[in-house]
Amino acid sequence: MTDTREHFHQNLSNLEQSVLDNANRCIKMSAMAVEAVVLPDLDLAARVAEEDLAVDQTYLETHNRWINTMARQAPMGGDLRLMSVVLHLNTTLERTGDQCVNIAKMALVTKDLPRSDRVLQMIREMGDLVTPMLRTAVDSFVRRDVEAARLLPAMDEPIDRLNRNMYRAVVDCGPAPAVLEWATRMMMVARAMERIGDQAVDIGEQVVFLVTGEFVEFADPGDHDGDRV
Amino acid sequence: MTDTREHFHQNLSNLEQSVLDNANRCIKMSAMAVEAVVLPDLDLAARVAEEDLAVDQTYLETHNRWINTMARQAPMGGDLRLMSVVLHLNTTLERTGDQCVNIAKMALVTKDLPRSDRVLQMIREMGDLVTPMLRTAVDSFVRRDVEAARLLPAMDEPIDRLNRNMYRAVVDCGPAPAVLEWATRMMMVARAMERIGDQAVDIGEQVVFLVTGEFVEFADPGDHDGDRV
Amino acid sequence: MATTSTSELVGRSLRRRGRSWVNTTIAGAMLFSLLFSLIVLVVLLADTIVKALPVFRSRGLEFVTANLSSQVDSAGIAQGIMGSLALTFLVIVIAFPLGVSAAVYLEEYARDNRWTRMINANIRNLAGVPSIVYGILGLFLFVKLINQGLFSVADGISGRNLIAGGLTLSVLVLPIMIITTAEALRAVSRELREASFGVGATKWETIRAQVLPVALPGILTGAVLTISRAFGETAPLLLAGAVLSQYFSVSSDAGLVDLVSNQPYTALPLIVYNFARQPETEFVQLTAAAILVLLGMLLSVNAATILLRDRVERRRG
Amino acid sequence: DGGPETGSSAVAATGANSIAISGSSTVEPISARVGERFDAANPSNSTTVEGPGTGDGFARLCAGEIDISDASRPIKDAEAEDCAANGIEYVELHIATDGLTVMTNPSNTTVDCLTFADLYALTGPESEGLENWSEANALAAELGGFAGFPDADLVVVGPGEESGTYDTYVEFVISDIAEERGQEESTRADYEASANDNVVVQGIAGNPTSIGWVGFAFFEQNADVLRAVEIDGGNGCVLPTIETIASFEYPLSRPLFIYVKTNELGTKSALVEFVDFYLSDEGVEAVGDAGYVELPAEDLEATRAAWAQAKG
Amino acid sequence: MTANSALIDLTGDPRRRRRERTVRFVFMTAAGVSVLISLAIVLSLIEQAWQFVVAIEFDQLLANGWFPRRGRFEFLTLFVHSSIITGIAMLVAVPFGLGSAIYLSEYAKPTSRRILKPILEVLAGIPSVVLGFFALQFLTPSVIRKVFPAADSANFLAAGIGVGILIIPLVASVSEDAMRAVPRALREASYGLGAKQWHTALRVVVPAALSGIAAAIILGISRAIGETMVVALAAGLNGIRNLNPLEGGLTMTGAIANLSVGSDQVAGNDSAFQSLFFVGLMLFTLTLGLNVISERVVRRYRQRY
Amino acid sequence: MNLERSPVRLTGGQSPVVDGSPGDERTSVVFDLEELNVFYGSFRAVKDVTVPIRKNEITALIGPSGCGKSTVLRCFNRMNDLIEGARVEGSIRYHGVDLYGDDVDPVEVRRRIGMVFQRPNPFPKSIYDNIVFGPKIAGRKTGLDDLVEESLTKAALWDEVKDKLRDSASDLSGGQQQRLCIARAIATNPDVVLMDEPCSALDPIATLRIEELMLDLKRDYTIVIVTHNMQQAARVSDRTAFFSVDVNEVGQRTGRLVEFDTTDKLFTTPAQTETEQYITGRFG
Amino acid sequence: MNLERSPVRLTGGQSPVVDGSPGDERTSVVFDLEELNVFYGSFRAVKDVTVPIRKNEITALIGPSGCGKSTVLRCFNRMNDLIEGARVEGSIRYHGVDLYGDDVDPVEVRRRIGMVFQRPNPFPKSIYDNIVFGPKIAGRKTGLDDLVEESLTKAALWDEVKDKLRDSASDLSGGQQQRLCIARAIATNPDVVLMDEPCSALDPIATLRIEELMLDLKRDYTIVIVTHNMQQAARVSDRTAFFSVDVNEVGQRTGRLVEFDTTDKLFTTPAQTETEQYITGRFG
Ligand SMILES: Nc1ncnc2c1ncn2[C@@H]1O[C@H](COP(=O)(O)OP(=O)(O)OP(=O)(O)O)[C@@H](O)[C@H]1O
Ligand SMILES: Nc1ncnc2c1ncn2[C@@H]1O[C@H](COP(=O)(O)OP(=O)(O)OP(=O)(O)O)[C@@H](O)[C@H]1O
Ligand SMILES: [Mg+2]
Ligand SMILES: [Mg+2]
Ligand SMILES: O=P([O-])([O-])[O-]
């Protein structure tokens, strides 16, 4: 079976590759950002910010090339779904990058503050969960692996739980204002990681759409945040 | 000048209308959600969650219709940009809806907690800023008003500032754990409103792209969150 | 149920309402008008054969090889056959190259200006000029001028020779030759020419390598048809010097040049005409026999044409 | 030069061994037979025999284009002057006799014998427009003819005006009466004319109440479908037969000639041999073969003598 | 830029150019010959015809009948006779020719077409002298005389029918071409609207091809007028005006043929001989006119498709 | 009608996917092709086609060249009868009536099932005469003027030609001519209009106009369209049948229905790999 | 070369937007059309076209029917010389040489500037003879076999036909024929290949294959393509010239360059409203 539209498909896979580049950057960044906050390591934080410039650059380029490819190729069927997924993931990953930057920045503002071991432990745990989850999501995209993608909501479960428990942990930190400030910042970090988890789930949703053509939300995203009623 | 592709353009404006419907829902929801938290009013909060079901429903429908329209019409030029904007805004607004739900949910978990006037005041202020900002963004889209869209980053400025100041205000609330918990929750509310502000800016960016064909980020979104370094 | 009634209703409305006699009648009438020609042909042939039969029965093919004679029982048509073949040869030699060249010029070279359009219209009109008018031309131009030594080939040339006849017939078929060739050339697609020009061929290279090979079957078909027309022509030769008589002879030691330029000649159709004018009832039979030979020769030419064309058509798909 | 020439009028009698004969269509069968027999013995010779008409033959003879002119009447003065003007010399050779035959359909039994007056009344210039035999009665009676024509459709068929036979018919039958009556010396114009004598024969044979005329040979060929009418030239009714024609008893008998150009006799041996053969016993047989009446011996001798004298 | 101009040489091969010019000249000469021919025709006709016209008196042209020997040159008679024959010929050729064309183009399946079409082609290949003999020796005695025993042996009817038969293939093939030039799409459109075959043939195809059919008829007329041999053999030599189709008469072509076959009268009479050119010129003018008209008509339908 | 029949047929190995859609119950079936095979002489051009055509919908037939789209289309109004040697096996039911039944008059069929062709083919007559040709031969004598106005209005041509109804149809532009042909087709009051690549001879603008017109017309008519242009099928049709072609050893091409589904589905998430490959431009 | 000239020309009222792109400096200009006007007799078919064609790029000419795309294209290799009454004003420089200069032999021009036409038009000869015709008449006598292989390989046809080079070209499929025509065009070693709607007679699959081929070929050649199909221009070209057409009172259509820009730009954010309306299907 020859591929008649090889130049177009070349084009399309270049686009996909750009998105994957950003995805891999994000995976790296999320690990680095958590590390930067936990250590804390300002250099590492700076490198995250730097990476994000590349992410943003790629994001813009991809968007423009997306529009051009769309105008030029009028893709259909699976190609069209891939195009729509690419646009979606492009935006999602740019935001993931932003979230990583948000995390990394906390390293700077919290570098001199006292810490709470419990909270730090929770952050560590979340970090250990979120990066692999993102990797799983990206892998499921690369391999068009619906099964893997469908595992993502379950993987998001412990992250959400940890994020929910953060309130309590933060409140429990009081009354020392410095620790409280640190903990409050960490709540933001947790929140960011929780969002990265959500974005991983979002990627999974897109993978399922890409492969099956059916677009479903894995779960009400309104649920990921805040307590169960 | 007759419009040769009237059925397609009918289609396209229907899609745009769906997005606008969601946009208007989001405007309403953001006002309602803040109100629900501030009063607090659980009914109002419940209605926000309900509205979000409609938002999600429209979101899914729009996505499917977008794919179909894309496959069927292969739009070009301005039409293509509009399609891309529609897809983008569809996702953005769905997330805005989620943010509103996130805010509204706080009404439930904080309904019995003691409050801090200063924090409440800040939340009110943010709420008073964020809904009009969202409306401005949506209006700029409806009217293809680049000037209005360009104002949005400036409108986002005070919201960001209020959000940044939230940390301090929350930490200042201590040491009473109940108040602290409430304040911590409010920080999440502020964070959600800040995100809605960002999403309004995002809408503005899309409007500029739609009209000029140039895709630029108004500002580094990494900056919106967290303190300046 | 509503369903059954719909389908019943539709079914009823689609039903055939008897055979259309109008259709059948009209088709029959049209077919008859075509078959009328066949009937004519059959009757003509049958009548001719019946009339010619005694000749063939008594003389076999001898009358084909015999020369003219005032005696019915020994009169033959060999001179007519030879004359017709010689004339045909001259037409091929003169009209074919001239006609093809002129057509190539008009189709491929000439700019489409008033001049060319006039020439084209002129040629089409020439094709419609009655053949007897060409006879007048042949008489005036060739017989007379040759007689006056203008086209001298040999000493003591006579104006009433094969050259004059051949020229007259050539001129007669030239417009037809040009038109059929032009048509064949025109049938060659513009795309083919453009393709050739597009790779940097000159006009002549295009014509020689692309246009003519494609047009050739058409040109040849046209040529054969044209020549068979010349073969059957009578009227112009009446004026153009062919001998219309019961008897003439050609010197047995005439050379080729002498034969075409200095000996009397006739053609098969003229013999038919002359026989048809003779009093003896035997001449009616002889006329019929000569006609059979004439038709036989023509039919073989036509059959060849039809075969040729069928082959070309099939090759083109 | 612009001189009048027809398609068959330009035989240049040039080649030393080619003989061009033209002229009377009536004589043509005789000359053709002679030529044929001559060529059989002399294959290197080329002979052309044509029969456009007597006058045409003379015209061409006098233009120097042919060697022999066949003629169904003697040369006219005007024609002879023409020859003299062109320096053409010739010898007139009487070779046979023909009888112009007036015919009708065999089923026509009412008419057996006609006088010149009857023929004038039926076919002369004054008969133009007549469509019934009986309509000619008045004129025939006036001229002293038979005048008992029945009430039947009149159809006149004959050779075209171009033929010498037509000419002879006019000369013998019409001229005198027409001249007398101050009429044009021609037949009625509205008869069925054909250059093809066969058509004339068919025209008469195909119509029970027709009348027409052709050369005797043509009649004889079709004697089964035609009936010759007796002619009364003043000496009673005579039926055309070989005998009555030869004896000139038949009023429409006429001599047939060949006119031989004598200018080139010295150089053109083929022509001399040809005429020698023409007048030989073998040659003269052609006359009878062609359906004409051979000359009595004394006339033939006179002809041979004339030829011998011309040869010098 | 100059550097580039030097590099890029677009002047081509002079030898090829020269050869082009030579070839072109050869072909042009050939085309010139055709022009010369028509000039020659017109000149030869006009010069002699002019001599004829100046030589005769005008009333000779109005004299009773066409008898060159008698100095009676009533051209009208020839014209009327030609017209009668043409009329009869068209009465035969138009219905049978058109019918054949309609059958071939609309009804015949490709296979039967392959069998039937050659009938017309064979008929077209029959020399006119053969049909003249047929008219003289078969039509008159075996057909016409059977119906009209009074018919003359040479008559317009036989000649007209003979000429008509001769023209059937022309009318058929030109009008069939016109009908086949009607796009298949038009027929499908008609069938698609629920039309029957005869509707399609007579109401769609024939009207669409009408100008082509008209051209076919005009061409047929032109050919009929110019037809010589059938007339020379079967129409007789009567120079008196005759309107009865059962009797014969001299036509324009008949007159020319007759004069050309030669006669004693003509050889000695300038005017009589030159009348041949006069009639020839008339014939030429007439057929030319008809051809020009048919050309116009044809161009109209060519343009449409 | 025939809705009870399973809309999914499994006919062995390469079974075409004929899928229903949520809308199935709302519209009734006008044509029901079952196991349709079309032969030209002994050569099978189309194999085992089973497709239902629904009322007031536009059904598109797409597929590579030679896959038998036109052949199938011409079965719907028995236009194939005009081609020598063409033969149909299997059944086509039109409102439940077997179209190839013995007592069915093809002339009548064609009146009810109009057709529009690849190149605009107006009769070389006036605009008016083009429209009334069909009705007139069907015997209609009155109300022709109204009919002309109505047909032309439906075909979105009335405004452009109302002042020149007596002018020759040949003077119209290509796009106008094609709309005239559509008007002519609907003047006989058919309930189905078949269109065989109706825009392939038109420029993009005229094409879009015809497409718009089809979308307007489907309110009153059922439309089946053959098109080479995937985008066009995507743009206008409600359902699409995708045909592919198998080439045998001697190079004969037999068409085969690969997939029949709603257009939305077929062009975004086709069920068959072959369809996917065709619409995304991978093929061969 | 002519890059110093302002790439933006403002020629008054309806000036076309001729925009440069970042890539301008990288490629040199092969053709430089300036104020080109083409007349058929006294009728001006194309008005004031100023366009640079760049090396190793694909330039597409698009626009509505009759806007003069083909007319302009045929100026590039003086194919218009073959049309009676066609006349060119303004200048076309080819590598700086005036194409319509006095001592320019159009035959030579056409050898250097190949052309591919709307319908595949192979010579009715063998595949081999099709390819070698051009080189042979240009005087080439040796290495023809290699040339055939090379040209066919470049045209992506070698594998399909290498075993039947002596077979008739007419037996190839439409798409193969068109590739053969491309091979034939490049066999004379041109540096430009002009293509006038090269795919309009082909089915979508064959079309895509030709498009792919063009993209391969632009490594070695400069390509100018006329197309009716916007999508095609969008798919393959680097730059696009959009022509529109003004119709005068008597219905004569004069083409006019509206916009010339990189294809990306022209199809996503055209500078001219007219372009936008055309590409989005609003028009007229
Ligand atoms: N009249 C005919 N006789 C024989 N075979 C035919 C005939 N018409 C079509 N075919 C063959 O039947 C097959 C289907 O042809 P059809 O015209 O239906 O294809 P199509 O899908 O419409 O193609 P296209 O897109 O080229 O119009 C082809 O192989 C074709 O060659
Ligand atoms: N040989 C010619 N003689 C006269 N006018 C012509 C000629 N060729 C084209 N034209 C006219 O010139 C204008 C431009 O024609 P051209 O063929 O270049 O347009 P085009 O853009 O290629 O159109 P299309 O998309 O239909 O091929 C049209 O108005 C056309 O009618
Ligand atoms: Mg088709
Ligand atoms: Mg064009
Ligand atoms: O031909 P004639 O003998 O009658 O002159």
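All figures in this text were calculated on a predicted structure; none of them were measured in a lab.

1. What to know about the overall build of chain E
1) Next: Per the secondary structure count, chain E includes 13 helices and 2 strands.
2) Next: Relative to the globule expectation of 19 Å for 305 residues, the C-alpha radius of gyration of chain E, 26 Å, shows a markedly less compact shape.
3) Next: Judged by the C-alpha coordinates and their principal axes, chain E covers about 90 × 60 × 30 Å.
4) Next: When the 305 residues of chain E are sorted by exposure, 65% land in the buried category.
5) Next: Pairs at least 24 apart in sequence give 76% of the contacts found in chain E among residues at least 6 apart.
6) Next: Carbon and sulfur atoms make up 65% of the accessible area of chain E, which amounts to about 11,200 Å² in all.
7) Next: In chain E, which carries 28 positive and 18 negative side-chain charges, the distance between the mean positions of the two groups comes to 11 Å.

2. Considerations on the site of ligand 5
Residue and element names in this part refer to chain D.
1) Next: The environment of ligand 5 is formed by Ser24, Ser25, Thr26, Gly53, Thr54, Ser72, Ser163, Gly164 and Thr165.
2) Next: Note that an oxygen atom of ligand 5 is positioned 2.3 Å from one of the side-chain N or O atoms of serine 24.
3) Next: A distance of 2.5 Å separates an oxygen atom of ligand 5 from a polar backbone atom of threonine 165.
4) Next: Protein contacts shield 100% of the accessible area of ligand 5, which totals 200 Å² for the unbound molecule.
5) Next: Residues that form the shell around ligand 5 fall into these classes: no nonpolar, 9 polar and no charged.

3. Quick word on the sheet that holds strand β11 (residues 230-232) of chain D
All names here are of chain D.
1) Next: Taken in spatial order, the 3 strands make up an open sheet running β6-β11-β12, and their pairing is mixed. In this open sheet, the two edge strands, each paired with only one partner strand, are β6 (113-115) and β12 (237-238).
2) Next: Bridge analysis of β11 against β12 gives 2 bridges, and the strand direction is antiparallel. Residue isoleucine 231 lies in a different strand from β12, and its bridge partner there is valine 238.
3) Next: Each of β6 and β11 is contacted by helix α4 (residues 116-123), which is oriented at about 85 degrees to β6, the strand it contacts most.

4. A word on the interface of chain C and chain E
1) Next: Taken together, the contact between chain C and chain E spans 78 residues of the former and 76 residues of the latter.
2) Next: Of the roughly 6,700 Å² buried between chain C and chain E, counting both surfaces, carbon and sulfur atoms make up 76%.
3) Next: With a closest N to O distance of 2.8 Å, E:Arg19 and C:Glu205 form a salt bridge.
4) Next: For the pair chain C and chain E, the number of links is 10 residue pairs in polar contact (both at pLDDT 80 or more).
5) Next: For the side of chain C that touches chain E, the leading source of residues is helix α2 (residues 21-59) of chain C, giving 19 residues.
6) Next: Residue composition of the side of chain C that touches chain E, by class: 55 nonpolar, 14 polar and 9 charged.

5. Looking at the state of the cysteines
All names here are of chain D.
1) Next: Applying the stated criterion to the full structure yields 2 disulfides over all chains.
2) Next: The disulfide partner of cysteine 62 is cysteine 83, and the gap between their sulfur atoms is 1.9 Å. Judged by the torsion about the S-S bond (-80 degrees), the cysteine 62/cysteine 83 disulfide is left-handed. Residue cysteine 62 is located in helix α2 (residues 54-62), and its partner cysteine 83 is located in helix α3 (residues 77-85); the two are separated by 21 residues in the primary sequence.

6. Observations regarding the site of ligand 1
All names here are of chain F.
1) Next: Taken together, 14 residues are adjacent to ligand 1, and Ser65, Gly66, Lys69, Ser70 and Thr71 come closest.
2) Next: The contact in question runs from an oxygen atom of ligand 1 to an N or O atom on the backbone of cysteine 67, over 3.2 Å.
3) Next: For ligand 1, an oxygen atom lies 2.6 Å from a polar atom in the side chain of serine 70.
4) Next: For ligand 1, the accessible surface in isolation is 630 Å², of which the surrounding protein chains cover 65%.

7. Considering helix α5 (residues 146-173) of chain B
All names here are of chain B.
1) Next: For α5, which comprises 28 residues, the first-to-last C-alpha distance of 42 Å matches the rise-based estimate of 40 Å (1.5 Å per residue) to within 8%.
2) Next: Remark: the principal bend of α5, roughly 30 degrees, maps to methionine 166.
3) Next: Taking the backbone nitrogen of glutamate 147 as reference, a side-chain oxygen 3.1 Å away marks aspartate 145 as the first, capping residue of α5.

8. Concerning the confidence of the model for chain E
All names here are of chain E.
1) Next: Across chain E, the average pLDDT comes to 85, with 93% of residues at or above 70.
2) Next: Per-element mean pLDDT across chain E ranges from 40 in helix α12 (residues 264-267) up to 95 in helix α3 (residues 75-107).
3) Next: Scored below 50 in pLDDT, residues 1-6 shows 7 contacts in the model against residues more than four places distant or in partner chains.
4) Next: Our summary of model confidence lists the complex with pTM equal to 0.81 and ipTM equal to 0.79.

9. Some thoughts on the confidence of the model for chain C
1) Next: Summary statistics for chain C give a mean pLDDT of 83 and a share of 90% for residues scoring 70 or more.
2) Next: The low-confidence segment residues 152-156 of chain C, where pLDDT is below 50, has 9 contacts with residues more than four positions distant or belonging to other chains.

10. A word on the sheet that holds strand β1 (residues 247-248) of chain C
Sheets are built from strands that pair by backbone hydrogen bonding, the pairs being arranged parallel or antiparallel.
1) Next: In spatial order, the strands read β1(C)-β2(D)-β1(D)-β3(D)-β13(D)-β4(D)-β14(D); together these 7 strands make up an open sheet with mixed pairing. Each of the sheet's edge strands pairs with one partner strand only, and the pair in question is β1 of chain C together with β14 (293-294) of chain D.
2) Next: Looking at chain direction, strand β4 (residues 90-99) of chain D and strand β13 (residues 253-261) of chain D are connected through 9 bridges and run antiparallel. Bridging across to β13(D), D:Glu92 finds its partner in D:Tyr259.
3) Next: Here α2(D) sits on the sheet in contact with β1 (18-23), β3 (68-71), β4 and β13 of chain D, set at roughly 160 degrees to β3(D).

Reading the values: rules and limits
- Residues numbered from 1 in each chain as written.
- Chains lettered and ligands numbered in written order.
- Predicted model: local features only at pLDDT ≥ 70, side-chain atom pairs only at ≥ 80, totals over all residues.
- Heavy atoms only, no water.
- Helix = DSSP H or I, 4+ residues; strand = E, 2+ residues; numbered from the N terminus.
- Rg over C-alpha atoms; globule rule 2.2 N^0.38 Å.
- Buried < 20%, exposed > 50% of the residue type's maximum accessible area, 1.4 Å probe, protein only.
- Contact = heavy atoms within 4.5 Å.
- Areas by Shrake-Rupley, 256 points an atom, 1.4 Å probe, with all protein chains shown as cover.
- Lys, Arg positive; Asp, Glu negative; His and termini not counted.
- Charge placed at Lys NZ, Arg CZ, Asp CG, Glu CD.
- Near = heavy atom within 4 Å.
- Polar contact = N/O pair within 3.5 Å; in protein donor to acceptor, adjacent residues only side chain to side chain.
- Nonpolar A, V, L, I, M, F, W, Y, C, P; charged D, E, K, R; others polar.
- Pairing = 2+ DSSP bridges.
- Axes fitted to C-alpha atoms, helices over the stretch in contact; angles between N-to-C directions.
- Buried area = accessible area lost by both parts, 1.4 Å probe.
- Salt bridge = Lys/Arg side-chain N within 4 Å of Asp/Glu carboxyl O.
- Disulfide = S-S within 2.5 Å.
- Expected span 1.5 Å × (residues − 1).
- Bend = angle between axes of the 7 residues up to and from the residue.
- pLDDT = per-residue confidence, 0-100.

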